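A look at the structure
Below are the chains, spelled out letter by letter.
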Amino acid sequence: MKVRFWGVRGSYPVPGPETNRYGGNTSCVEIRPEGGPRIIIDAGTGLRKLGKELMATTEFGAGHGSAHLLVSHTHWDHIQGLPFFAPLYQAGNRLHVYARQRDDTRLGALIAAQNESHYFSVPFEQVKAEVQFRELVEGEQFEIGPARISCARLNHPWIAIAYRIATDDAVVAYVTDTAPFRDILIEQEFIHQPPRPGDPLKPEDAAKLGAMRDGVVRLCEGADLVIYDTQFTPEEYASRPHWGHSCPEDAIEIAEAAGARTVALFHHAPERSDDQLDQVLTECRGKTKLEVIAAAESLEMELGRWR
Ligand SMILES: [Zn+2]
Ligand SMILES: [Zn+2]
């Protein structure tokens, strides 16, 4: 399979000279299995450029394209590129959108909401492509062409899910957004008052976090590539554990426990400059025998049978 990064930032886009090398667009990763339909993970602002390329160079331009979009969760930095995804405005194209099922609202309504007239000029019902929604139950497994997909719950406000994509004798795990699984359990509500360092966890919360961590380790098991939320430094995490993001040390710990091969730092903090990211990467590489890379816009990797 081929893996290409189109957006690697967390929270909000940050174009400019300080972020040119790693890129300023928010989360979007393209997976191309050999002989299978395209899989896109998350629709941050990086999706816009992918859409332009699909229209210019593939069957999407003539309205014969089909892609599957796996959404980790519907925070802005994971869906904001969708209204600007050109293949949606070409009749005949098909987009299948997947995300975690919620009790309080439907996925189609959440996606359509950001196109309402207060925010955007074209209502979602007027896009020309055929769009289908599929809501996933945590732990669900399914297939997209030759690719086997599974998902696991993460520790993040309003709850995000991670995906494992196995195809062409290779495995990619996409794990964002999530806090580590030790200090705080984050569920449906935003927690306004974070725990103080050393505050004990309720036993039932500790049990839930333990189960969540086991699920994520299983999801990453033997992966060729683990793409992981590493927005925070340990100091930043200590003051904002309730925001639901991890540090590179957490990504490495999970990837090592899972026997993965390569871990990609991802969902970079918007305020982190390219030079600062270089420094974070160098420090990480001294802490593990795993291969560690920092995801960058336009980086393309070939795994499994493409290698
Ligand atoms: Zn995010
Ligand atoms: Zn989020």
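In this report, the structure presented in the accompanying data block is examined.

Rules used in this analysis
What you see as residue numbers is a count from 1 along each chain, following the sequence as written. Written order determines the labels here, with chains lettered from A and ligands numbered from 1. Given that this is a predicted model, residues contribute local features only at a pLDDT of at least 70 and side-chain atom pairs are listed and counted only at 80 or more, while totals for whole chains, interfaces and linings are drawn from all residues. Where side-chain values are given, they derive from all heavy atoms of the structure, hydrogens and water being excluded. Each metal's donors comprise the N, O and S atoms found within 2.8 Å of it (within 3.2 Å for Na, K or Ca). Water is not part of the atom list, so some coordination spheres may appear incomplete. Only four donors with every angle between 85 and 135 degrees are called tetrahedral; only four or six donors with opposite donors over 155 degrees apart and all others between 65 and 115 are called square planar or octahedral, in that order; all others are irregular. Strands are runs of DSSP state E lasting at least two residues, helices are runs of H or I lasting at least four, and both sets are numbered from the N terminus onward. Partly exposed describes any residue whose relative accessible area lies between the buried limit of under 20% and the exposed limit of over 50%, with all areas from a 1.4 Å probe on protein chains only and scaled to the type maximum. Note: two strands are recorded as paired if DSSP finds a minimum of 2 bridges between them. Note on geometry: axes are lines fitted to C-alpha atoms, helical ones only across the stretch in contact, with angles between N-to-C directions running from 0 to 180 degrees. Ring geometry is summarised as follows: Phe, Tyr and Trp rings, the Trp one being its six-membered ring, pair when their centres sit within 6.5 Å, and such pairs are stacked at plane angles under 30 degrees, edge-to-face over 60 and tilted between the two. Any Lys NZ or Arg CZ that is within 6 Å of a ring centre and within 35 degrees of that ring's normal is treated as a charge sitting over the ring.

**Comments concerning the coordination of the zinc ion (ligand 2)**
Protein-derived coordination of the zinc ion (ligand 2) comes from His73 (NE2), His75 (ND1), His156 (NE2) and Asp177 (OD), at a distance range of 2.1 to 2.6 Å. Around the zinc ion (ligand 2), the four donor atoms are arranged such that angles at the metal cover 89 to 170°; this shape is classified as irregular. All donor residues of the zinc ion (ligand 2) come from one chain, and their arrangement in sequence is H-x1-H-x80-H-x20-D. In this structure the zinc ion (ligand 1) is found 3.6 Å away from the zinc ion (ligand 2), and aspartate 177 serves as a bridging donor for the pair. Within this pair, whereas histidine 75 is found in the loop between strand S4 (66-70) and helix H2 (76-79), its partner aspartate 177 is found in the loop between strand S10 (170-175) and helix H4 (203-220), the two being separated by 102 residues in sequence. On the accessibility criterion, aspartate 177 (1% relative accessible area) is buried.

**Looking at the sheet that holds strand S5 (residues 94-100)**
Sheet architecture is open: seven strands sit in the order S6-S5-S4-S3-S2-S1-S14, paired in mixed fashion. One side of each edge strand has no neighbouring strand; the edge strands of this open sheet are strand S6 (130-136) and strand S14 (300-302). Taken pair by pair, the neighbouring strands of this sheet meet at an average axis angle of 20°, ignoring direction. Two elements, strand S1 (residues 2-7) and S14, share three bridges in a ladder whose sense is antiparallel. Considered in S14, the bridge of valine 3 is made with methionine 301.

**Some words on the pairing of S1**
Across the six residues of S1, six count as buried, placing the element largely inside the fold. As judged from the five bridges shared by S1 and strand S2 (residues 28-32), these two strands associate in the antiparallel manner. When the bridges of S2 are listed, lysine 2 appears paired with arginine 32.

**Overview of the packing of aromatic side chains**
For the structure on display, the rule yields six aromatic pairs. Residues phenylalanine 84 and phenylalanine 120 carry aromatic rings whose centres are separated by 5.2 Å and whose planes lie at 85° to one another, so their mutual orientation is edge-to-face. A residue pair is termed long-range when its members are at least 10 positions apart, and phenylalanine 84 in the loop between H2 and S5 and phenylalanine 120 in the loop between helix H3 (107-113) and S6 qualify at 36 residues. For phenylalanine 84, a relative accessible area of 45% translates into the label partly exposed. You can call phenylalanine 120 buried: its relative accessible area is 17%. Between phenylalanine 232 and tryptophan 243 the ring centres are 6.4 Å apart and the planes differ by 40°, which places this aromatic pair in the tilted class. Taken as a pair, phenylalanine 232 in the loop between strand S11 (225-229) and helix H5 (234-239) and tryptophan 243 in the loop between H5 and helix H6 (248-257) lie far apart in primary sequence, 11 residues in all. When its relative accessible area of 3% is taken as the criterion, phenylalanine 232 is described as buried. Directly above the aromatic system of tryptophan 243 lies the positively charged group of arginine 240, at a separation of 5.0 Å from the ring centroid.

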